[in-house]
Amino acid sequence: MMARLSGLAVAGFGVLLLAWLIPVHTETVGYGWLRPQTLPRACAVALLVLGLALTIWPGPAGEPGPEVAPGRLAFVVVVVCAGIWAMSRFGFLPVAPVLAALLVLICGERRWAWIALGVGLAPVLSWLVVDVLLNRSLP
Amino acid sequence: MLKHMIGAALALGVSAGAAWADWAPSGPIKLWIGFGAGGETDTLGRLIGKEMSDATGWTVVVENKPGGGGIAMFTQLATVPADGQTIGMGVSMPVLVNLTVRADQVPFTLDSFDYLASVASAQLAIVARKDAPFDDLAGLLDHAASSDGALVGFDAKPQELLLNVLNKDGGALRPVSMKSSAELVQNLLGGHLDAAFNAGTHIPYLDSGELKMIASANAGRHSYAPDTPTVREQGYDIYVDPVFYIAAPAGLGDDVQSVLSDALLAAMNADTVRDAIQNALHTEPSGDGPEATRAMMDDGMKNVATLFGK
Amino acid sequence: MPDLATILAGFGDAFTLLNLAYVLFGVVIGQFVGAVPGIGPVMAMAIAIPFTFALDPLVAISFLVGINKGGLFGGAIPSILINTPGTPDAAATALDGHPLAASGKPGKATRMALYASVTGDTFSDLVLIFLSAPIAILALRMGPVEVCALMLFAFSILAGLIGPSLLRGLVAAVLGVLCATVGLDPEHGTPRFYFGWFELYDGPSLVAVAIGMLAVAEILRRMAAVTRDSQPGAIRVQGDGDDRLSLAEYLSCRFVMLRGAVIGTILGAVPGLGSTAAAYMSYAATRQGDDGGVPFGKGNIKGIAATESANSAVVGANLIPLLGIGIPGSISAALLISAFKIHGIQPGPLLFENQARLIYGLFGAMLMANLTNLIVGQASLRLWVFAIRAPTSVIFPSALVFCIVGVYLSTGGMFGVALMFIAALVSLAMSACGFPVIVFIIAFFLGEGFERSLSQTLVILNGSSGALLGHPIALVLLAMAIGLAIWLGRGGRGQPG
């Protein structure tokens, strides 16, 4: 069922490209062999056809993805997303150690020494090397 | 605070002129470069930053903001406060082309910036193999007419438009889009193109005698090839002049603008920077200050409009 | 050919203590940045170049070459130890490297990678030193039509990577090409799918997409997988002493490494294909000759030897067009050109004439860097095998922070970081639905060059398919592409992975 749905999603993306993305987000040029739309349109048609084919013949399951609990993964993704947003808002130095600490805790680490290392290592080392030593800017 | 006062004192020390006002930056100056790290223009910008810092005592932090040949950087630059703490180095052509063709999509205009200084203009040539049966544009067009058209490689939109101008009387030049000067030279040498634009990679091949220069595509002739006439001199009133320049968000105030401009022009005249400009762009620093740089951009707008037939 | 005295003087310049110190410094930096996910040798070189302005040209170039070569091996380390490639080129090394390390033999796996990397690298350096002039002249024959055919040839290696479902593999390839069409189109220079973000004018950053899809996706998955009760190190080292690499094991891979080195050298001599594709091509060819030992994908050392010899050989060979005709074969070669240029040295036809001593100095430095890589590598692989005894709860969050820092630096802003994160989510979604991520990445890497060379080809042929007959090399390449696709497709879908 999942396989058929993914096929439908691919076909739907093909339709979205043809109906909206390509007409609105490319410019029309009146000359030349390969127009800006030529290759995207070919890809969109291919996606539509392949997606429909997948919906009809889902076939073998494909590469089996690694087993992950979807809930936990979604939680980690949300935390990281929030961290990246906060970094663009408040800067690297205040945010990175907090993000690292949260992730170390989410991974279930409860030993103080390791938590400290997780918080300290990457953020502080990056800051020392990039900002202080190389004089390049961080977020 | 003390550091800044010393910086200001140093700044006053190096400038004999009375044009220096009281202004000095209140923290590190950010010099944004509209290109990725590691290229010659990146190194050039970093050297200008370093020389400026050495001469004035200010802290100059150089940051790369690549994307769209500088459009991404200028988009961001137009939104920061006009306090003289953030300036950006880019190249004129992509800005002028996008302001001409898709002004509605570009969130800034020429007036969004105060112009500080021009660095130099990239030397753009039209070259061909030594054994090509032509030596100038008229010969190239004749060759194209007498064969199945001539393939001419280019690596930026304005160059293609210049070819369209050459083609206006039914010429048979066929533009081929490539990615870089290096790719263009490779395809010329391999005999896959009849002629090509080039911004410097061709110079050693002129020395070795494998390539010859057909025209300078800039407004003026090139210092290393003073005998090769420009496209304009060959009868087509058109040119492509990609100028590297430095600007700040509009509203600096005259004193801030002149302090920054003088510091930048002094840095560009330092020996290391002169060398770097020579090595990267094959020319001398332009030496243009605020007014001349703004005039260059205004003239460039008119020229690009001509290129696009607007 | 310059006279012997110049050659010897060049090598003499290379083998000085100062130069050795800089090569060593470069290799150490390279191995470190290669091994830290998200930060790669290309970025390290880009950052280092402005600093090298103050150095003597040979010392500057030697230093950069050291970083590049160190990074090549460094990238394999996290690929093997935590299944998270440090650089995109090392992604293929994880296929057999990580299972071998996970079975308790991280030392064996990383040593195989080190020796194969140095072997492939040395092979292509020797080709460069002795044959660069004639090969560069051959490379000139490759015009847009031939390059377009070569791109199709490279696409055909995807057939070996598609996995059990042909339809899903094709979808992934089409999506990769589509992703490569974002940005200015190659023929007219009009923006496509940029949604107001001018950062996308140059197309989505290869680094951000590759790191996101390969490294960050794996890091997110691993962080979600660890549970509160178990905090093992990422790898448990087996105690039975079979964690070294014997000479016999090394020699058993000699043909595999030779083939990898040849594939890498050929792909490296032609600009635009890159070391990631070379590694997969070598791996796919090696997997065809399954000898009934350890199955591929389960920790066969030949899988490691194949990928590392190929991706390392690309780098030496990238300098063939650079030194022969002044054309960079890759981003790192382009960075070397800008290092040459800021020192006032113009790459091009007169390079060997005007700068013979410098070029032979560079050759000396390259050989020295290979040896240094081997020696430093012994120490650093021990260090990293030791380091990953730290709990996964520390390793993966740290790796994520390094990915953010690395992509921020190489793309010049948070836009690249956001792009990396989105790419990671796409990668997770794709693998959850069974679409092969690596096919997407390789198609994405090749897509831009493919569209560009296709546009050039159409202009040159002027729409006449008969004109193709004037390009015999292209015809041969097209035939080879079809043959390779069939050969790899047959073997590639026979077994999963």
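As a starting point, this report considers the structure included with it. (Residues numbered from 1 in each chain as written. Chains lettered and ligands numbered in written order. Predicted model: local features only at pLDDT ≥ 70, side-chain atom pairs only at ≥ 80, totals over all residues. Heavy atoms only, no water.)

All names here are of chain B. Reading across from one edge, S2-S1-S3-S10-S4 is the order of the five strands in this open sheet, with mixed pairing throughout. Each end of this open sheet is capped by a strand with a single partner; those strands are strand S2 (60-64) and strand S4 (113-121). Across the sheet, the axes of successive neighbouring strands diverge by a mean angle of 20 degrees, strand direction being ignored. Pairing of strand S1 (residues 29-33) with strand S3 (residues 86-91) involves four bridges; the strand directions are parallel. Bridging from a neighbouring strand, lysine 30 pairs with threonine 86 of S3. Against the sheet, helix H11 (residues 290-307) makes contact with S4 and strand S10 (243-249), and its axis sits at roughly 80 degrees relative to S4, the strand it touches most. (Pairing = 2+ DSSP bridges. Helix = DSSP H or I, 4+ residues; strand = E, 2+ residues; numbered from the N terminus. Axes fitted to C-alpha atoms, helices over the stretch in contact; angles between N-to-C directions. Contact = heavy atoms within 4.5 Å.)

Interfaces are frequently sized by the accessible area removed from exposure as the parts join. Tallying the contact residues gives five residues for chain A and nine residues for chain B. Both faces combined, the contact of chain A with chain B buries some 550 Å², and carbon together with sulfur accounts for 24% of it. Of all residues in chain A, the largest losses of buried area upon contact with chain B belong to A:Glu27, A:Tyr31 and A:Arg136, amounting jointly to 67% of the total for that side. In this structure, A:Glu27 engages B:Arg102 in a salt bridge whose closest nitrogen and oxygen atoms are separated by 2.6 Å. (Buried area = accessible area lost by both parts, 1.4 Å probe. Salt bridge = Lys/Arg side-chain N within 4 Å of Asp/Glu carboxyl O.)

Next up on the list: the side chain of B:Thr56. Residue and element names in this part refer to chain B. Take threonine 56: it is sitting in helix H2 (residues 40-56). In this structure threonine 56 comes out as buried when scored by relative accessible area, which is 3%. Only 2.6 Å separates the side chain of threonine 56 from the backbone oxygen of methionine 52, close enough to count as a polar contact. (Buried < 20%, exposed > 50% of the residue type's maximum accessible area, 1.4 Å probe, protein only. Polar contact = N/O pair within 3.5 Å; in protein donor to acceptor, adjacent residues only side chain to side chain.)

With that settled, consider the interface of chain A and chain C. Contacts between the two partners involve 68 residues from chain A and, on the opposite side, 64 residues from chain C. Surface buried jointly by chain A and chain C totals about 5,900 Å² across both partners, of which 78% is contributed by carbon and sulfur atoms. Scanning the region where chain A abuts chain C turns up zero salt bridges. Applying the counting criterion to the chain A and chain C interface returns nine residue pairs in polar contact (both at pLDDT 80 or more). Among the secondary structure elements, those contributing two or more residues to the side of chain A that touches chain C are helix H1 (2-25), helix H2 (38-56), helix H3 (70-90), helix H4 (92-106) and helix H5 (112-133) of chain A. Looking at the side of chain A that touches chain C residue by residue, the class counts come to 49 nonpolar, 11 polar and eight charged. (Nonpolar A, V, L, I, M, F, W, Y, C, P; charged D, E, K, R; others polar.)

This next bit is on the environment of A:Gly91. Residues and elements named next belong to chain A. Examined against the element boundaries, glycine 91 turns out to sit in the loop between H3 and H4. On the accessibility criterion, glycine 91 (14% relative accessible area) is buried. Once the C-alpha coordinates of glycine 91 and leucine 21 are considered, the two residues, 70 residues apart in sequence, prove to be 34 Å apart. Excluding its chain neighbours within four sequence positions, the residues that come into contact with glycine 91 are Ala86 and Pro139.

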